[in-house]
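Read off the chains here:
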Amino acid sequence: MCGIIGIVSKKSFSVKNDLLKGLKKLEYRGYDSCGFATKEGAVEKSVGEIQLLIDSVKDSTTTLGIGHSRWATHGGVTKANAHPHFNKDKTLFAVHNGIIENYQELKQMLEKNGYGFMSETDSEVIPHYFDYYIKKGLGIKDIMIKFMAEVKGTFAILLFRKEDGRVYAMKRDSPLVLGVCDDCFVLASDIYAFSDKTNKALFFDDNEFAIISSDYHFYNGNGKEIKKKIQNFEWSREEETKKNFEHFMLKEVHEQPAASRRLIESLKLMQKDALKSFAEAIKKSKRIFFLACGTSYHASLIGVYLLRKLGIEAHTVIASEFENFLAVDKDTLVVAISQSGETMDVVSVLKDIKKTGAKIISIVNVPYSTIQRLSDFSIEVLAGQEICVAATKSFTNQIVVMLAIAKELGFLINLDEIPGKIKKALEDNEEKVRKLALGLKDKKDIFVLGRGISYPIAREIALKLKEISYVHAEGMMGGELKHGTIALIEKGTPVISLIPNHNEDMISNTKEVEARGARTIIVSDTNGDLIVPKSHDAEFSIYACMIGHLLSYYIAKENKLPIDKPRNLAKSVTVK
Ligand code: AGP
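Because the structure is a prediction, the values reported are computed rather than measured.

Caption draft 1: Region of the structure containing helix α9 (residues 294–309). Between its first and last C-alpha atoms α9 spans 23 Å; for 16 residues at 1.5 Å apiece the expected length is 22 Å, and the two agree. Burial within α9 is extensive, with 12 of its 16 residues counted as buried. Along α9, the positions that sit buried rather than exposed are Thr295, Ser296, Tyr297, His298, Ala299, Ser300, Leu301, Ile302, Gly303, Val304, Leu306 and Leu307.

In structure tokens form, the structure reads like this:
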């Protein structure tokens, strides 16, 4: 997690308007604390959101600066632990995204040599390490080679020396990209930081480092210069504003009709061949495994249900547990699903899988992301930038991809109807859900029940209620409730039942909890409290999920919670 940025410019730029504004675009990666340092040696840090830092500092101009937005791993959320970290003389400044695994060892070596530490972080070893070897007479490039060889762990690091005019950048596992603008270079965790300035970028590969000043030079870990190709990327800038919505979450929920339409059109034209190749790969492979985390895992579960309906055996495992469950070989097809394309649990499994010769297909939202670059080919869900930590429109589009691939393999479905039905589901239910939220806002637990393709949605709605509304929620298989969890149902316990196509078993499961006093909320396409457009149960999953999006949003709003940036979370989870 953590967002890092560095700007090296021929002309002076504003710290507030350029450096901190760019950093703000990376805030979704972590928002515990933030800070920046400039070429002149000025350094400022603060706990909390970047806006607080912007409001508290006086603007200045510079030609080189680095910034950091933190998601805490080693050390609490304090000013001392905020980045940039620096050496005693305040001549070396560094920002870091990742984890230096052997930092204790390096710290001991540095402490023995008289270095004092001000923070509890692993990252603080970086400026001291460089300081130590500079004082021993080594050049910075040699220290970078040494650092890359000695340091264990993951890192995207930007470092500079006071008044030197160069940024030294190193990358292993954590993302790092160089934006090539007309009169400056921007180094950042992802393209969002500079997508308003340029569409040209160079993506760092693992174990590469670079020195950036008025030009740039890239090197492999041994210090051999390498030539890299500039890539052109496309990104829609209108996604970056809230428009008339109070929160990005609600805006993104309402973007779903347009986002799904964009994807469906692209799957018919631009991504037609990729979809066909995906279907071919499924037919040819002996084993099919999905790989994902969080919400994307729920999309993969839907993929498994759909493929099994077509008689194709497929499995999915949460990426962080993949190695404990599944073995892959060259005849395996691995389908990685990820909004960000950077989730470390997925990335690290893919790196191992790559060595086996298995085929890797990814379904991502963020183009040029690490997961996309690790795959043989990729389908983009084209949801546009999603700024709220909660995945909403990207999840819907992941399901659309699942339905499209099932259709390609023979499943009967009319994808063109989906955007209109999403719109109707939102229009018909938003006000009802808002009122419902008033009655649920003080509840400690909510249960969500589903069966078949609605089961992943029950889990997804529960996840949204937890992460956005801070309500303990469980998404369960309707049939499994009676095997234990039903003991928790008492008078007034809220239970949301997802009942597509008058599913008799789900109706029975709902009656079972009602008999024990539960307050049921039935989401159905026939009779119920919240009615969504009539459809196949695979499509029902999309419309039922809208209810979950709205419900978690309105409960959180009633409780005045930080909807777009819920506590302890980050949009892109780039640590294991
Ligand atoms: C979704 O609302 C969550 N923020 C989270 O579970 C997320 O889906 C998970 O971290 C996976 O992210 P990815 O899709 O970017 O890989």
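Caption draft 2: Structural context of the sheet that holds strand β20 (residues 377–380). Spatial ordering of the open sheet is given by β17-β16-β18-β19-β20, a layout of five strands whose pairing is parallel. A strand with exactly one partner marks an edge of an open sheet, and here the two such strands are β17 (315–318) and β20. Geometrically, the sheet is characterised by an average inter-axis angle of 20° between neighbouring strands, direction not taken into account. Its contacts with the sheet place helix α8 (residues 272–284) against β16 (287–292), β18 (332–338), β19 (359–364) and β20, and it is angled at close to 125° to β20. Across the sheet, helix α11 (residues 344–354) lies against β16, β18 and β19, angled at about 150° from β16, the strand it touches most.

Caption draft 3: Geometry of the site of the ligand. Around the ligand lies a shell of 15 residues, among which Ser296, Ser338, Ser340, Thr343 and Glu467 are the nearest. Val389 is positioned with one of its backbone polar atoms (N or O) 3.1 Å from a nitrogen atom of the ligand. Burial of the ligand by the protein amounts to 91% of the accessible area it has alone, namely 410 Å². Of all elements in the fold, only α9 and α15 (454–469) reach the threshold of two or more residues within the shell around the ligand. Per-class residue counts for the shell around the ligand are six nonpolar, seven polar and two charged.

Caption draft 4: Inspection of the sheet that holds strand β12 (residues 208–212) at higher detail. Here seven strands make up an open sheet; going across it, the order is β5-β6-β7-β8-β12-β13-β14 and the pairing antiparallel. A single partner strand is all that each edge strand has here, and the edge strands are β5 (85–86) and β14 (225–226).

Caption draft 5: Broad picture of the pairing of strand β13 (residues 216–220). Relative to β13, β12 runs antiparallel, the two sharing five bridges. Looking at the pairing, Ile212 lines up with Tyr216 of β13. Hairpin geometry of β12 and β13 is characterised by an intervening segment of three residues between the two adjacent antiparallel strands. Pairing geometry for β13 and β14, over two bridges, is antiparallel. What sits directly across from Phe218, in β14, is Ile226.

Caption draft 6: Broad picture of the nonpolar core. Core analysis: the biggest nonpolar cluster contains 91 residues, and Leu403 and Leu498 have the highest contact counts within it. For this core, the element with the highest residue contribution is helix α17 (residues 537–558), accounting for 14 residues. Each of domain 2 (248–413) and domain 3 (425–576) contributes no fewer than three residues to this core. Not counting the four nearest positions on each side in its chain, Leu498 is found in contact with Val448, Leu449, Gly450, Ser454, Ile457, Ala458, Ile461, Met506, Val523, Phe540 and Ala544. Listed in part, the 29 residues of the second largest apolar core include Leu92, Ile100, Ile126 and Ile143.

Rules behind the numbers
- Residues numbered from 1 in each chain as written.
- Predicted model: local features only at pLDDT ≥ 70, side-chain atom pairs only at ≥ 80, totals over all residues.
- Heavy atoms only, no water.
- Helix = DSSP H or I, 4+ residues; strand = E, 2+ residues; numbered from the N terminus.
- Expected span 1.5 Å × (residues − 1).
- Buried < 20%, exposed > 50% of the residue type's maximum accessible area, 1.4 Å probe, protein only.
- Pairing = 2+ DSSP bridges.
- Axes fitted to C-alpha atoms, helices over the stretch in contact; angles between N-to-C directions.
- Contact = heavy atoms within 4.5 Å.
- Near = heavy atom within 4 Å.
- Polar contact = N/O pair within 3.5 Å; in protein donor to acceptor, adjacent residues only side chain to side chain.
- Areas by Shrake-Rupley, 256 points an atom, 1.4 Å probe, with all protein chains shown as cover.
- Nonpolar A, V, L, I, M, F, W, Y, C, P; charged D, E, K, R; others polar.
- Core = buried A, V, L, I, M, F, W, Y, C linked by side-chain atoms within 4.5 Å.
- Domains from an automatic or database assignment.

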